[in-house]
Amino acid sequence: MEKNVTINNSARINKYKNLFVVLFVLITTVAIILTSAITLTKTDYVLKSQVTSVASSLNNQMKANLLSYLSKVEVIGTLVFSDENIYTYDASDPSKMNMNPLKLKMILNQHCMI
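The present account deals with the structure reproduced in this document. One numbering rule holds for all chains: residues counted from 1, following each sequence as written. Selection of residues for local features in this predicted model requires a pLDDT of at least 70, selection of side-chain atom pairs for listing and counting requires 80 or more, and totals for whole chains, interfaces and linings are taken over all residues. Note that water and hydrogens are dropped before the side-chain values are worked out from all heavy atoms of the structure.

1. What about the overall build of the protein chain?
Turning to step 1, where the next piece is worked out: When you go through the protein chain residue by residue, the secondary structure sums to three helices and zero strands.
Turning to step 2, where the next piece is worked out: Order of helices (α) and strands (β) in the protein chain, N terminus to C terminus: α-α-α.
Turning to step 3, where the next piece is worked out: Partly exposed describes any residue whose relative accessible area lies between the buried limit of under 20% and the exposed limit of over 50%, with all areas from a 1.4 Å probe on protein chains only and scaled to the type maximum. Relative to its full complement of 114 residues, the protein chain shows a buried share of 5%.
Turning to step 4, where the next piece is worked out: Split by element, the accessible area of the protein chain, about 10,300 Å² in all, is 67% carbon and sulfur. Here a helix means four or more residues in a row that DSSP labels H or I, a strand means two or more in a row labelled E, and each is numbered from the N terminus. Surface exposure here means Shrake-Rupley accessible area, sampled with a 1.4 Å probe, where a residue is shielded only by the protein chains that are shown.

2. Quick notes on the pattern of salt bridges
Turning to step 1, where the next piece is worked out: Only one rule defines a salt bridge in this text: a Lys or Arg side-chain nitrogen within 4 Å of an Asp or Glu carboxyl oxygen. Applying the stated criterion across every chain yields a total of one salt bridge.
Turning to step 2, where the next piece is worked out: Here Lys-48 and Asp-44 are joined by a salt bridge, their closest N and O atoms 3.5 Å apart. Taken as a pair, Lys-48 and Asp-44 lie in helix α1 (residues 2-80) at a separation of four residues, close to a single helical turn.
Turning to step 3, where the next piece is worked out: The exposure class of Lys-48 is exposed, given its relative accessible area of 52%.

3. Considering a nonpolar patch on the surface
Turning to step 1, where the next piece is worked out: Residues Tyr-16, Leu-19, Phe-20, Leu-23 and Ile-27 make up a contiguous nonpolar surface patch of roughly 540 Å² in combined accessible area.
Turning to step 2, where the next piece is worked out: For Leu-23, the position within the fold is in helix α1. A patch is a set of surface residues, each over 30% in relative accessible area and not in a salt bridge, joined within 9 Å for like charges and within 5 Å for the nonpolar side chains Val, Leu, Ile, Met, Phe, Trp and Tyr.

If you want it as structure tokens, here you go:
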């Protein structure tokens, strides 16, 4: 009788052992799937928001650079056309030979001070 009980207990232990292994694999698999799903969803959301933010700041920076460049071009245009001696200067014209680069620089500096 004792052998019968021992075999019965052994079979029960094996049955529970197998049940625990199956439950462990199932719970682990479900946990991994849930974690992966949450991670992928969050990563997608964060990635999209970061790309949007970077693209927006890049557009703002490009706009600021363009406005700065156009402002400098406007200043240069104003300086160039501020004195007739500057915009009528022609290095190949013999009548303008008295206008040297140093004089041009002085005229530009005077207009920059204003």
